[in-house]
Amino acid sequence: MIFQIGSALLDACVLSVLEREDMYGYILTQNVKEVVDISESTLYPVLRRLQKEAYLVTYDQPFAGRNRRYYQITDKGREQLAMYRKEWIAYKSNIDRILTGEEKQ
Amino acid sequence: MTREEYLDILQNNLHGIPPQEAENIMEYYREYFDDAGVENAEKVMQELGAPEQLAKRAAADAAAENGFAGAAGSGQNPGFGSYNGQTDEKKKHTAAGITLAVITSPIWASLLLAAVCVLFAVVITVAAVVLSLGFAAVVMVAAGLFTVGTALVTVFLHIPTAVMLIGAGLVSVGLGLLAALLTYGCVIGIKRFVMWISNKEWRNAKIHKPKIFA
């Protein structure tokens, strides 16, 4: 992949994935990896930061004799995600305009 | 190496962060290995990279977020795939840059002041020279004309003197005109120079302006 993903965009992707369903670290990483070329260690600091900003909360669920930590999006997180989506549309159309010379509404 | 060895090395290399942070990191990656399953352990270890490096990056991130200075190895994060972690780095660099500028200000400020003074002096000198040249031109032409005028009167008294006066007067006028031409040339040259400089400045500024946001 030539284009690197910025940290805000990565946050947005993580929140978007979690909006659909709560996930634990490993599965979340695999999901994001399908779309964006990130390393397995990329998400930990992202998740921690999102948690610190109260966009996510965590809860543990017992699984196969151990605990599995799930990440869940909060209402504040949903608001932030909505903002990110708006920003993305504007950003995307700007880039399109410069890169492909098209005007997309 | 086994996953246990990996996790051990990771734990032992988490320096410079509070124990709670370290425990969080360890929990996350222990779980990560668990969820990946035994069959994927090797792949995960490869993807995560060397445990010492992972520890360094994780500790640096934790320290940066909590504002701890001097944690293990801040700086670039090579193992983060394409994740662009530039924003924190840039903030640190800018703060360091500003501090450095303030500390060294006695040096660069005085140098700057000296440079400005020199520039000012040069400008004044050039102006003085050109002005004097201009005045000299005017004076010489005027004096020359006046001398020729005097000669026209002297012609009635003593012809050789008149002839000499006419000659001298014309020389003065000639020199004066030359000086005038020189002055004009200087003024044009300065004008062109100033325009050339200002064109250069604006061209440089224009190139740096457009910023496509990353």
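Just so you know, these numbers come straight off a predicted model, no measurement behind them. (Residues numbered from 1 in each chain as written. Chains lettered and ligands numbered in written order. Predicted model: local features only at pLDDT ≥ 70, side-chain atom pairs only at ≥ 80, totals over all residues. Heavy atoms only, no water.)

A. Broad picture of helix α1 (residues 3-12) of chain B. Looking only at α1(B), the buried set comprises B:Y6, B:L7 and B:L10. Taken end-on, α1(B) shows its buried residues confined to a sector of 95 degrees, consistent with a single buried face. (Buried < 20%, exposed > 50% of the residue type's maximum accessible area, 1.4 Å probe, protein only. Helix = DSSP H or I, 4+ residues; strand = E, 2+ residues; numbered from the N terminus. Arc of directions from axis to C-beta.)

B. Structural context of the pattern of salt bridges. Following the criterion strictly, the structure yields 14 salt bridges over all chains and no others. Two residues, A:D11 and A:R49, come together in a salt bridge whose shortest N-O distance is 2.7 Å. Here A:R49 lies in helix α3 (residues 43-52) and A:D11 lies in helix α1 (residues 7-20), a separation of 38 residues in the sequence. Both residues of the pair, A:D11 and A:R49, belong to the buried class. For B:R30, the salt bridge is made with B:E23, and the minimal N-O distance between the two is 3.8 Å. Members of the salt-bridge network, linked through shared partners, are A:R66, A:R68, B:R3, B:E4, B:D34 and B:D35. (Salt bridge = Lys/Arg side-chain N within 4 Å of Asp/Glu carboxyl O.)

C. Representation of the pairing of strand β4 (residues 66-73) of chain A. Residue and element names in this part refer to chain A. Across 2 bridges, the pairing between strand β2 (residues 23-24) and β4 is antiparallel. The residue bridging Y24 from the neighbouring strand is Y70, located in β4. Alignment of strand β3 (residues 56-63) against β4, held across 8 bridges, turns out to be antiparallel. Across the sheet, the residue bridging to P62 is N67, located in β4. The antiparallel pairing of β3 with β4 creates a hairpin that spans 2 residues between the two strands, and A64 there sits at a positive phi of about 50 degrees. (Pairing = 2+ DSSP bridges.)

D. Spotlight on the packing of aromatic side chains. The full count for this structure, using the stated rule, is 11 aromatic pairs over all chains. Both rings, one in A:Y44 and one in B:Y29, keep their centres 6.0 Å apart while their planes meet at 50 degrees; by these two values the pair is tilted. Of the two residues, A:Y44 is situated in helix α3 and B:Y29 in helix α2 (residues 19-36); the pairing between them involves two chains. For B:Y29, a relative accessible area of 2% puts it in the buried group. Ring centres 5.7 Å apart and planes at 65 degrees place the aromatic pair B:Y6 and B:F33 in the edge-to-face group. With a gap of 27 residues between them, B:Y6 in helix α1 and B:F33 in helix α2 connect regions that are remote in the sequence. The burial state of B:Y6 is the same as that of B:F33; both residues are buried. One aromatic cluster is present, formed by A:Y26, A:Y44, B:Y28, B:Y29 and B:Y32 through successive ring pairs. Over the aromatic face of A:Y24 sits the side chain of A:R68, whose NZ or CZ is 3.8 Å from the ring centroid. (Phe/Tyr/Trp six-rings, centres within 6.5 Å; stacked < 30°, edge-to-face > 60°. Lys NZ or Arg CZ within 6 Å of the ring centre and 35° of its normal.)

E. View of the environment of B:Y29. Through-space distance from the C-alpha of B:Y29 to that of B:L48 is 9.9 Å; in sequence the pair is 19 residues apart. Once you skip the residues sitting within four places of it in the chain, B:Y29 turns out to touch A:S41, A:Y44, B:L7, B:L10, B:L48 and B:L54. (Contact = heavy atoms within 4.5 Å.)

F. How the structure looks around the packing of α1(A) against helix α2 (residues 25-35) of chain A. All names here are of chain A. Across the interface, α1 lies against α2 with an axial gap of 10 Å and an inter-helix angle of 120 degrees. As α1 packs across α2, the resulting crossing turns out to be right-handed. Together, L10, V14, V17 and L18 of α1 and L28, N31 and V32 of α2 make up the contact between the two elements. Here the residues of the contact of α1 with α2 sort into 6 nonpolar, 1 polar and no charged. (Axes fitted to C-alpha atoms, helices over the stretch in contact; angles between N-to-C directions. Left-handed = near helix turned anticlockwise from the far one by under 90°. Nonpolar A, V, L, I, M, F, W, Y, C, P; charged D, E, K, R; others polar.)

G. Region of the structure containing the interface of chain A and chain B. Residue-level contacts link 31 residues of chain A with 30 residues of chain B. Summing both partners gives a buried area of about 2800 Å² for chain A against chain B, and 49% of it is carried by carbon and sulfur. Looking at the side of chain A facing chain B, the largest losses of area belong to A:Y26, A:E40 and A:Y44, adding up to 25% of the total buried there. Put simply, chain A and chain B have 6 salt bridges between them. Notably, a salt bridge pairs A:K33 with B:E47, separated by 2.9 Å at the nearest N-O pair. The tally of links from chain A across to chain B stands at 11 residue pairs in polar contact (both at pLDDT 80 or more). (Buried area = accessible area lost by both parts, 1.4 Å probe. Polar contact = N/O pair within 3.5 Å; in protein donor to acceptor, adjacent residues only side chain to side chain.)

H. Looking closely at a nonpolar patch on the surface. All names here are of chain B. A cluster of nonpolar residues, V118, V122, V126, I190, F193, V194, W196 and I197, forms a patch on the protein surface that exposes about 710 Å² of accessible area. Sorting the residues of the nonpolar patch by element identifies α6 (105-154) and α7 (159-208) as the ones contributing at least two each. If you tally residues by element for the nonpolar patch, the top one is α7, at 5 residues. If you trace the backbone, W196 turns up in helix α7. (Patch = residues over 30% accessible without salt bridge, like charges linked within 9 Å, V, L, I, M, F, W, Y side chains within 5 Å. Areas by Shrake-Rupley, 256 points an atom, 1.4 Å probe, with all protein chains shown as cover.)

I. Main features of the sheet that holds β4(A). Residue and element names in this part refer to chain A. Pairing within the open sheet is antiparallel, and its 3 strands lie in the order β2-β4-β3. A single partner strand is all that each edge strand has here, and the edge strands are β2 and β3. The strands that α1 touches are β2, β3 and β4; relative to β4, the one it contacts most, it runs at about 105 degrees. Packing against the sheet, α3 makes contact with β3 and β4, and its axis sits at approximately 120 degrees to β3.

On their own, these measurements won't tell you what the molecule is for.
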